[in-house]
There are 2 protein chains.
Amino acid sequence: MKRSEFIKASTVAGLGMTFFKPNLVFGRDDRKVRLGFIGVGGRGTSHLRRVLKRDDVVVTNICDIDKEALNRARDLVVQAGGKKPRGFSRNEVHYRDMVEREDMDGIIISTPWKWHVPMTVDTMNAGKYAGLEVPAAVTLDECWQLVRTYEATKVPCMILENVCYRRDVMAALNMVRQGLFGELVHAHCGYQHDLRGIKFNPGAEFGPDKGEGEAKWRTQHSIDRNGDIYPTHGVGPVATMMEVNRGNRFVHLTSTATKSRGLHNYIVEKGGVGHPNAGIKFTLGDIVTTVIKTARGETMVVSHDTNLPRPYSLMFRIQGTHGLWLKDNDSIYIEGRSPEEHEWESFAAYQEEFDHPLWRRYGEQAEGAGHGGMDFFVTHAFIESVKRKVSPPLDVYDAAAWSAISPLSEQSIAEGSTPMQFPDFTQGKWENRKPVFALDDDF
Amino acid sequence: MKRSEFIKASTVAGLGMTFFKPNLVFGRDDRKVRLGFIGVGGRGTSHLRRVLKRDDVVVTNICDIDKEALNRARDLVVQAGGKKPRGFSRNEVHYRDMVEREDMDGIIISTPWKWHVPMTVDTMNAGKYAGLEVPAAVTLDECWQLVRTYEATKVPCMILENVCYRRDVMAALNMVRQGLFGELVHAHCGYQHDLRGIKFNPGAEFGPDKGEGEAKWRTQHSIDRNGDIYPTHGVGPVATMMEVNRGNRFVHLTSTATKSRGLHNYIVEKGGVGHPNAGIKFTLGDIVTTVIKTARGETMVVSHDTNLPRPYSLMFRIQGTHGLWLKDNDSIYIEGRSPEEHEWESFAAYQEEFDHPLWRRYGEQAEGAGHGGMDFFVTHAFIESVKRKVSPPLDVYDAAAWSAISPLSEQSIAEGSTPMQFPDFTQGKWENRKPVFALDDDF
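Because the structure is a prediction, the values reported are computed rather than measured.

1. Points about the relation of the copies chain B and chain A
Consideration 1: The operation relating chain B to chain A is a screw motion whose rotation component is 180°, with 0.0 Å of axial translation and a residual RMSD of 0.0 Å. Such a turn and shift between the copies fits a two-fold axis. Relative to the rotation axis, the C-alpha of Asn329 of chain B is the closest in chain B, positioned 2.3 Å from it.
Consideration 2: Taken as a fraction of all interface residues of chain B, those also at the interface in chain A reach 100%, which identifies the copy contact as same-surface.

Next comes the structure, spelled out in structure tokens:
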């Protein structure tokens, strides 16, 4: 089914497809999307640069409390041939003035995690599409705030989970949909990325005063929290394959954390035992393992592993009744198709054969867009959703369900790995909602 | 520390090293070990063949209720130049007559799982070393029976976990002990082996009447139980690295099972939907994921995956504060040693450099001994322990702790992944017991 047909069908059937309320004001030229940005640090600037390459976007407003970052971003717009966007940087809530302006259709939010929900809620309340970075929310209450604001306003928000668009992940999704794996049964995924060099600046420093970049604020989460505090890069892609919130849902999870060694060791290694940060107690276990059970009876093993030296890996394994893909050895086994019984074969030929239509169409354009090209697609999907005034392919229920893993995982660990039940953010709608993510080569 | 020194030291310190009670009778020639066998199906016969290659073993008695298997085994002994052993096959408890005989020092038990504990208990009570196949026990009560019988008799039993002796696993153990991984933090392991062709004979048959080999009895466990019913091949090796029961212990676990599809699908595929077995409800989830927490704060992810098509893999990953080994891509990363930061390197050179002393000494002899040579070592360790009248390197507490995973995992799943606490089978002795497994090139 083509997306356009799908939208018609679901609207007729009342399946919860969402459009702007009729009283919301859009740009005069519906081929142009007028965007604002809140947060133009590393990630926000990356979004901005991609957007500036498109001829269907006008950047009208930018907000950042860091004036230097703000001005650099505004200059980027001018350098790209645009009119200098209005700037907002007076204080931490100056963004509220920005979201109320009428010269925007959507706003991309790339700020420290604690600001994601307040900014998104204000954006939706002001009638603008919100594109928010991951994780969407930090607490369960915040997850509900997103959902309730959406349900009250019908203004969409999209969680900008770029890994859903990774080329191999989309090929695997394509294979899932074509039934190559049979019925899905199990998956592994995670965020296994040595972030010590990001959590600390040279000299083992961090925090609002001495830190730079994400070390300003991200490191504090490792002091305050023990759980999978960054689940969506792994979970998002698997959730689209397992049709979570669209015929399926997360039911419960357990989480178990290791001891915490990596961050302390790193400080001592870089700054010696006498370093002022050497006495800090990090709450975050070096590796947090979460096991999720879905309503359809699949399980997912999710790893959060950011404090130790290791090669980067999102640990993808997608397994069904006919076989499995294992990313870590770039291999696949499909019974009856793989030439040798019970022997791996290379994933390369499958990547070729099952390359997703989106990548076939936009692959060349995507190259160099960031993170191996996948960033192109997440930006593209957000802008096309705004432009066409349709529900984005990753929506508020995805944002809530995926992000809820963090607080549930923290609670599970605090209670000795006790299973935690997921709230049903869709309130039963998951049973009849249909998959919409990347159904064709459109967006 | 050499094993001989260690034994002296621990005896003096009263660390629980165990010897036969003085009133037990041993063979006149202490260079010869007199063995009996209970169970000479596939696995028992494999043990027998290895033993018959040694000149320090005399096989005196064999028991199997399958007369054909029994006679084949007795003939093997004669073919190897030995005296025909006495045979026991009258009924299921005829083994009790055998264990009481005085012409044995040890007995190797390779029977269906439900017989492991009764036979081992009777063997220990009769004053003979017991070498028992995996899993050692099926229920928690059985785990305790093993421990209590040992503590009452001081007659050792050894769990014959061959994977503890796999060449790459022992190299990894060597690396752990030399500190290459830093402080251990996390591990993955499991039993990922498509057993459909073992659980069913051609024609999708199984059970005491129509089944052959393990299909006679093993398949029923997939009907009756939902849990990690075969944990020790993965867990044993990791437990030796993490020094479980020897300075460390398993504290709790959670288990989560997927839906059950593989076995039913296989019956339908082989026999059609009308096959009499197509109506059977299999309780065992296709994939069971267990997460174990240890007293030292490590975690272990254990997978049981035996009902679906897949390449064989025990999923080993050993991770510490300096790096990790990942078996599935035959790679390793050690910070400060691996040439490229955050890039895998091949495990091959490490296998060479850290090959375990036992493999260096016996590798040539081990080749062809079964399962890539590792079977040689487990047999060797059992026989040497009996011969020298010392505690075996894998003992009754290992047997109990590793096997307890199954019933605890079943209970966790039955209660929605609720965490289950491990009994402390050592009753506190784990804190002071020292590692003994494979300390040198002796056994």
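2. As for unusual backbone geometry
Residues and elements named next belong to chain A.
Consideration 1: In this structure, Pro135 follows Val134 across a cis peptide bond, with omega equal to -15°.
Consideration 2: With respect to the helices, strands and loops of the structure, Pro135 is situated in the loop between β5 (129–132) and α6 (140–153).
Consideration 3: Within the chain, Glu243 stands out as a residue other than glycine whose phi angle is a positive 60°.
Consideration 4: Positive phi is not limited to glycine here, since Met315 has a value of about 60°.
Consideration 5: Inspection of the secondary structure assignment puts Met315 in the loop between β10 (299–305) and β11 (317–320).
Consideration 6: Its relative accessible area of 5% is what places Met315 among the buried residues.

3. Some remarks on the interface of chain B and chain A
Consideration 1: Between chain B and chain A, the contact holds 54 residues from the first and 54 residues from the second.
Consideration 2: If you sort the residues of chain B by the area they bury against chain A, Lys259, Pro309 and Pro311 of chain B come out on top, with a joint share of 15%.
Consideration 3: Counting across the interface, chain B meets chain A through ten salt bridges.
Consideration 4: Note that Lys259 of chain A is salt-bridged to Glu298 of chain B, the shortest N-O span being 3.9 Å.
Consideration 5: Along the contact surface separating chain B from chain A lie 25 residue pairs in polar contact (both at pLDDT 80 or more).
Consideration 6: The set of elements that each furnish at least two residues to the side of chain B that touches chain A consists of β7 (184–192), β8 (250–257), α12 (262–271), β9 (287–294), β10 (299–305), β11 (317–320) and β12 (323–326) of chain B.
Consideration 7: For the side of chain B that touches chain A, the leading source of residues is β7 of chain B, giving five residues.
Consideration 8: A breakdown of the residues in the side of chain B that touches chain A according to their chemical character gives 16 nonpolar, 22 polar and 16 charged.

4. Considerations on the sheet that holds strand β1 (residues 33–38) of chain B
Adjacent strands of a sheet pair through backbone hydrogen bonds, lying either parallel or antiparallel.
All names here are of chain B.
Consideration 1: Across the sheet, six strands lie side by side as β3-β2-β1-β4-β5-β6; this open sheet has parallel pairing. Where the open sheet ends on each side, the last strands, each with one partner, are β3 (86–88) and β6 (157–159). Recorded for the sheet is a direction-independent mean angle of 25° between the axes of neighbouring strands.
Consideration 2: Of the pairings in the sheet, the one linking strand β2 (residues 57–63) to β3 comprises three bridges and is parallel in character. Paired with Asn61 across the two strands is Arg86, which belongs to β3.

5. Some remarks on the packing of aromatic side chains
All names here are of chain A.
Consideration 1: For the structure shown, the criterion picks out 40 aromatic pairs over all chains.
Consideration 2: On the basis of an interplanar angle of 75° and a centroid distance of 6.2 Å, the ring pair of Tyr95 and Trp115 is categorised as edge-to-face. Here Tyr95, found in helix α4 (residues 95–100), pairs with Trp115, found in helix α5 (residues 113–125); they are 20 residues apart in sequence, far enough to count as distant. Residue Tyr95 shares its accessibility class with Trp115, and that shared class is buried.
Consideration 3: Between the aromatic rings of Phe200 and Phe282, the centroid separation amounts to 6.1 Å while the plane-to-plane angle is 90°, which identifies the pairing as edge-to-face. Taken as a pair, Phe200 in the loop between α8 (196–199) and α9 (207–210) and Phe282 in the loop between α12 (262–271) and β9 (287–294) lie far apart in primary sequence, 82 residues in all.
Consideration 4: An aromatic cluster of at least three residues, connected via ring pairs, comprises Tyr165, Trp359, Tyr362, Phe376, Phe377 and Phe437.
Consideration 5: A cation over a ring is seen here: Arg218 above Tyr230, with NZ or CZ 4.4 Å from the ring centre.

6. Some details on the side chain of Thr290 of chain B
All names here are of chain B.
Consideration 1: Among the structural elements, Thr290 can be located in strand β9.
Consideration 2: Overall, the relative accessible area of 0% leaves Thr290 in the buried class.
Consideration 3: Only 2.7 Å separates the side chain of Thr290 from the side chain of Ser255, close enough to count as a polar contact.
Consideration 4: Not counting the four nearest positions on each side in its chain, Thr290 is found in contact with Asp228, Leu253, Thr254, Ser255, Met300, Val301, Val302, Ile405 and Ser409.

7. Structural notes on helix α5 (residues 113–125) of chain B
Residues and elements named next belong to chain B.
Consideration 1: Over its 13 residues, α5 extends 19 Å from the first C-alpha to the last, a length consistent with the 18 Å expected when each residue adds 1.5 Å.
Consideration 2: Those residues of α5 lying buried are Trp113, Trp115, His116, Val117, Met119, Thr120, Val121, Thr123 and Met124.
Consideration 3: Looking one or two residues beyond α5, the residue adopting positive phi is Gly127, at roughly 85°.

8. Observations regarding the packing of α6 of chain A against helix α16 (residues 396–403) of chain A
Residues and elements named next belong to chain A.
Consideration 1: The interhelical angle for the contact between α6 and α16, taken along N-to-C directions, is 170°, at an axis separation of 9 Å. Comparing their axes, α16 and α6 come out roughly antiparallel. Contacts between α6 and α16 involve Cys143, Leu146, Val147, Tyr150 and Glu151 from the former and Val396, Tyr397, Ala399, Ala400 and Ser403 from the latter.
Consideration 2: When grouped by side-chain class, the residues that make up the contact of α6 with α16 number eight nonpolar, one polar and one charged.

9. A look at the pattern of salt bridges
Consideration 1: All told, the structure shown has 64 salt bridges over all chains when counted by the stated rule.
Consideration 2: Measuring nitrogen to oxygen at the nearest pair gives 2.6 Å for the salt bridge that ties Lys387 of chain B to Asp56 of chain B. One end of the pair, Lys387 of chain B, is in helix α15 (residues 374–388); the other, Asp56 of chain B, is in the loop between α2 (42–52) and β2, with 331 residues separating them in the sequence.
Consideration 3: One salt bridge in this structure joins Asp395 of chain B and Arg246 of chain B, with 3.1 Å as the shortest N-O distance. Taken as a pair, Asp395 of chain B in the loop between α15 and α16 (396–403) and Arg246 of chain B in the loop between α11 (232–242) and β8 lie far apart in primary sequence, 149 residues in all. Side by side, Asp395 of chain B and Arg246 of chain B carry an identical accessibility label, which is buried.
Consideration 4: It is possible to trace a salt-bridge network through shared partners that takes in Arg54, Asp56, Glu384, Lys387, Arg388 and Asp442 of chain A.

Procedures and definitions
- Residues numbered from 1 in each chain as written.
- Chains lettered and ligands numbered in written order.
- Predicted model: local features only at pLDDT ≥ 70, side-chain atom pairs only at ≥ 80, totals over all residues.
- Heavy atoms only, no water.
- Least-squares fit on C-alpha atoms with pLDDT ≥ 70 in both.
- Contact = heavy atoms within 4.5 Å.
- Helix = DSSP H or I, 4+ residues; strand = E, 2+ residues; numbered from the N terminus.
- Buried < 20%, exposed > 50% of the residue type's maximum accessible area, 1.4 Å probe, protein only.
- Buried area = accessible area lost by both parts, 1.4 Å probe.
- Salt bridge = Lys/Arg side-chain N within 4 Å of Asp/Glu carboxyl O.
- Polar contact = N/O pair within 3.5 Å; in protein donor to acceptor, adjacent residues only side chain to side chain.
- Nonpolar A, V, L, I, M, F, W, Y, C, P; charged D, E, K, R; others polar.
- Pairing = 2+ DSSP bridges.
- Axes fitted to C-alpha atoms, helices over the stretch in contact; angles between N-to-C directions.
- Phe/Tyr/Trp six-rings, centres within 6.5 Å; stacked < 30°, edge-to-face > 60°.
- Lys NZ or Arg CZ within 6 Å of the ring centre and 35° of its normal.
- Expected span 1.5 Å × (residues − 1).
- Parallel < 35°, antiparallel > 145°, perpendicular 65-115°, else oblique.

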